[in-house]
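Inside the fold
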Amino acid sequence: MAVKTYRAAVTIKIDHDECIGAGECVNVCPSDVYELVNGKSTAPRVEDCVECCACVEACPTKAIEHSSC
Ligand code: SF4
């Protein structure tokens, strides 16, 4: 019998009114999820997230809302 495990989809919301482009999420993320675009954080590789919550803790303006953290 084949065994499959399913992981709930992670969602990351970044408030671009709060984001100051500090890049802490880019620096701290072990999975390279984030990228700065025009001075704002984006999460183009959210599917690589390992749900460590380091980005949420590192953000100086608390601009990141993470479904698991
Ligand atoms: S929770 Fe961890 S792995 Fe996921 S985006 Fe944040 S820093 Fe990266």
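Residues numbered from 1 in each chain as written. Predicted model: local features only at pLDDT ≥ 70, side-chain atom pairs only at ≥ 80, totals over all residues.

Let's talk about the overall build of the protein chain
Across its full length, the protein chain carries two helices and four strands. Reading the protein chain from its N end, one meets helices and strands in the order β-α-β-β-α-β. Taken over the C-alpha atoms alone, the protein chain extends approximately 50 × 20 × 15 Å along its principal axes. Counting across all 69 residues of the protein chain, residues that qualify as buried make up 19%. Taking all contacts inside the protein chain whose residues are at least 6 apart in sequence as the whole, residues at least 24 apart take part in 49%. (Helix = DSSP H or I, 4+ residues; strand = E, 2+ residues; numbered from the N terminus. Buried ≥ 20, exposed ≤ 12 C-beta atoms within 10 Å, placed from the backbone. Contact = placed C-beta atoms within 7 Å.)

Focus on the environment of Ala9
The topology assignment puts Ala9 in the segment before β1 (12–14). On the basis of neighbour count, Ala9 is assigned to the exposed category, with 9 C-beta atoms found within 10 Å.

Some thoughts on the nonpolar core
Judged by nonpolar contacts, Ile12, Cys19, Cys25, Cys29, Val33, Tyr34, Ala43, Cys49, Cys55, Cys59, Ala63 and Ile64 together constitute the single largest core of 12 residues. The residues touching Ile64, leaving out its near neighbours within four places in the chain, are Ile12, Ile14, Cys25, Cys55, Val56 and Cys59. (Core = buried A, V, L, I, M, F, W, Y, C linked by C-beta atoms within 7 Å.)

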